[in-house]
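# Survey of secondary and tertiary structure
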Number of protein chains: 2
Amino acid sequence: MDSVSVSSPQDGARLESRRTRILDAAEKLFAEHGYDGVTLRAIAREADVDVALANYHFGRKHELFEATFMRRAELLNRWRIRALDEAIASAAPEAPSVRAIMDAYLYPLLHGPHLSDPAWRSYYALVAYVNNSTEWGGKLMSRFFNPMVDRFIDALRKALPNAPEEALFWGYHCLSGALTLAFAQTGRLDKLSGGVCSSEDLEAAYTHIVAFVTAGFEQINLSVE
Amino acid sequence: MDSVSVSSPQDGARLESRRTRILDAAEKLFAEHGYDGVTLRAIAREADVDVALANYHFGRKHELFEATFMRRAELLNRWRIRALDEAIASAAPEAPSVRAIMDAYLYPLLHGPHLSDPAWRSYYALVAYVNNSTEWGGKLMSRFFNPMVDRFIDALRKALPNAPEEALFWGYHCLSGALTLAFAQTGRLDKLSGGVCSSEDLEAAYTHIVAFVTAGFEQINLSVE
DNA sequence: GTCTATATGTTGATAGAC
DNA sequence: GTCTATCAACATATAGAC
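Scope of this entry: the structure provided in the associated data block. (Residues numbered from 1 in each chain as written. Chains lettered and ligands numbered in written order. Predicted model: local features only at pLDDT ≥ 70, side-chain atom pairs only at ≥ 80, totals over all residues. Heavy atoms only, no water.)

### Quick look at the overall build of chain A
Put simply, the test is: The secondary structure listing takes helices from DSSP runs of H or I that are at least 4 residues long and strands from runs of E that are at least 2 residues long, numbered from the N terminus. For this measure, only C-alpha atoms enter the radius of gyration; the expected value for a globule follows 2.2 Å times N^0.38, where N is the number of residues. Exposure categories follow from relative accessible area, calculated using a 1.4 Å probe and restricted to protein chains: below 20% of the type maximum is buried, above 50% is exposed, and the middle band is partly exposed. Contacts: residue pairs with any heavy atoms within 4.5 Å of one another. For this count, His and the chain ends are skipped, Lys and Arg are scored as positive, and Asp and Glu as negative. Just so you know, the charge point we use is NZ for Lys, CZ for Arg, CG for Asp and CD for Glu.
Scanning chain A from terminus to terminus reveals 10 helices and 0 strands. Ordering the α and β elements of chain A from the N terminus gives α-α-α-α-α-α-α-α-α-α. The C-alpha radius of gyration of chain A comes to 19 Å, within 12% of the 17 Å expected for a compact globule of 225 residues. Dimensions along the principal axes, computed over C-alpha positions, put chain A at roughly 60 × 40 × 30 Å. Within chain A, the fraction of its 225 residues that count as buried is 53%. Within chain A, counting contacts between residues at least 6 apart in sequence, those at least 24 apart form 68% of the total. Counting 23 positive and 29 negative side-chain charges, chain A places the centres of these two groups 6 Å from one another.

See below:
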């Protein structure tokens, strides 16, 4: 159903199907300008296809948006679940540490072509937009990511046996907010730090976020509340 | 310059100036749908004024947007700086603790009418939108908030003498992301937690975020890096 | 699958009366 | 300050030829 592959072998790898080109263009533009800031015409122009094709392949505009959001969400979920399973296996019979759980959650974001591929960077900015949007946040994030997140919360519950339920969920919310803002790469950090940090340095973001949120979660177990 | 007050005493407090009504309507709608998701006509309808008035009072659409963003930003900056100054004064001659600094940063968000006033809740959602937007984030957040944030980073620098500069800025980024997502009230947390937590419970958000980010910052001072 | 053509409505902005 | 009237541009969506 999802034709991420090239349209036909003889074209060479450079020639993607028009359907995929629309998805790529939509991803880039939605990430930059949000849902309402992008027209189907702009997407068609960016993808170098006719305007009517977006409608033919994806139906209405919001369906194209959701298809764009879903494409990489499914990949990401698979990779994260696999990383979590590995963390659980290698810590068995003990529960994996908070740090190991955070690594499983964050490492797949950077592994593979992600850092150098501008399409993945666009996608992360798109997730930041969706996550913080009152229109999409509650719906899309929940639908596509919550089942995966449930598994991570469960692992945290075992790693932090004294933690109140409520604190686990708010802790995840802190993690989610910190992560999506960092990966949105808005350039604000560059200005705030006077050049010491770069918004585009996702490797640095990873390092600092893992340390920050690990301590944030571990504190939950200690608090009396 | 900013006529937040009522237009004339004899109207009674209920009758705001049309200019203020436009600002209020813009705040609500921009928070819900983002910049491009709102038309000047929708704002005029919500404010119950003529379409042409938005242009007369604020000029172009993006100028209205910036005026909306600025209005409460200036108040918030004042309150936060005052809270920080008080924390510094009451800890003197020592530097205030990380916890005290975080309290100064977060407490003004809830103090006063903020919790019960839907307009402030809208504003927080608007900040979340701006913060994570590739179009506005780097520009507007920096312009209106960075001078205030500089002062908080400076306080953190003194509270955490072993912290590398870079880690302080990334730490703030984590704080900012966690905070704005929580105050965006997207409803995701309600679903994720199966009703244990509520996105709208800003008091709970405050409690958990303060604890989470305080631990996140304190960890920086300990890490060898 | 792809494109041309078009229906039908909306957009931001302003000129000019009051 | 406020409103009426209007413009030129652009929006989504689809019907029907190829």
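More follows now that the structure is in view.
### Quick look at the interface of chain A and chain B
So the rule is basically this: Summed over both partners, the accessible surface that disappears when two parts come together, traced with a 1.4 Å probe, is what is meant by buried area. Note on definitions: salt bridges are taken to be side-chain nitrogens of Lys or Arg within 4 Å of carboxyl oxygens of Asp or Glu.
Listed by partner, the interface residues are 62 residues for chain A and 62 residues for chain B. With both sides pooled, the region where chain A packs onto chain B buries about 5400 Å², and carbon together with sulfur makes up 67% of that total. It is Trp170(A), Arg188(A) and Phe212(A) in chain A that bury the most area against chain B; as a group they hold 17% of the surface buried on that side. Our count for the chain A to chain B interface comes out at 0 salt bridges. Of all the elements in the fold, those that place two or more residues in the side of chain A that touches chain B are α1 (18–33), α6 (118–132), α7 (137–159), α8 (165–184), α9 (188–192) and α10 (202–222) of chain A.

### Looking at the nonpolar core
Condition: Note on terminology: a nonpolar core comprises buried Ala, Val, Leu, Ile, Met, Phe, Trp, Tyr and Cys residues joined through side-chain atoms within 4.5 Å.
Formed by 153 residues in total, the largest nonpolar core has its most connected members in Phe69(A), Tyr123(A), Phe69(B) and Tyr123(B). When near neighbours in sequence (up to four residues on either side) are disregarded, Phe69(A) contacts Tyr123(A), Leu126(A), Val127(A), Val130(A), Leu140(A), Met141(A), Phe144(A) and Phe145(A).

### Some words on the protein's contact with DNA strand C
We apply this condition: Throughout this document, a residue counts as near a molecule or strand when at least one of its heavy atoms sits within 4 Å of that molecule or strand. Polar contacts here mean pairs of N or O atoms no more than 3.5 Å apart (in protein, one a potential hydrogen donor and the other a potential acceptor; neighbouring residues in sequence count only if both atoms are side-chain atoms).
With respect to spatial proximity, 14 residues lie near DNA strand C, and among them Arg18(A), Asp50(A), Thr39(B), Leu40(B) and Arg41(B) are the closest. When the atoms of DNA strand C within 4 Å of the protein are sorted by group, sugar and phosphate make up 65%. His57(A) places a polar side-chain atom, nitrogen or oxygen, 3.1 Å from a phosphate oxygen of DNA strand C. One nitrogen or oxygen atom from the main chain of Leu40(B) is found 3.0 Å from a phosphate oxygen belonging to DNA strand C.

### Here we look at the packing of helix α7 (residues 137–159) of chain B against helix α8 (residues 165–184) of chain B
Residue and element names in this part refer to chain B. To keep things clear, this is the line we draw: Geometry is summarised by axes, namely lines fitted to C-alpha atoms with helices restricted to the contacting stretch, and by angles between N-to-C directions that run from 0 to 180 degrees. The scheme is simple: roughly parallel for angles under 35 degrees, roughly antiparallel for over 145, roughly perpendicular for 65 to 115, oblique for anything else. Should the near helix be turned counterclockwise from the far one by less than a right angle, the crossing is left-handed, whereas a clockwise turn marks it as right-handed.
Remark: α7 packs on α8, axes separated minimally by 11 Å, with the N-to-C direction vectors making an angle of 130 degrees. As judged from the angle between their axes, α7 and α8 are oblique. Crossing angle aside, the handedness with which α7 passes α8 is right-handed. Contacts between α7 and α8 involve Val-149, Ile-153, Leu-156 and Arg-157 from the first element and Glu-165, Leu-168, Phe-169 and Tyr-172 from the second.

### Describing the protein's contact with DNA strand D
Thr39(A), Arg41(A), Arg18(B), Asp50(B) and His57(B) are the nearest of the 15 residues found near DNA strand D. Close to the protein, within 4 Å, the atoms of DNA strand D are drawn from sugar and phosphate at a rate of 64%. At 3.1 Å, a side-chain N or O of His57(B) approaches a phosphate oxygen of DNA strand D. For the surface near DNA strand D, the secondary structure elements donating two or more residues are α2 (40–47) and α3 (51–58) of chain A together with α3 (51–58) of chain B. Here the element with the most residues in the surface near DNA strand D is α3(B); it accounts for 4 residues.

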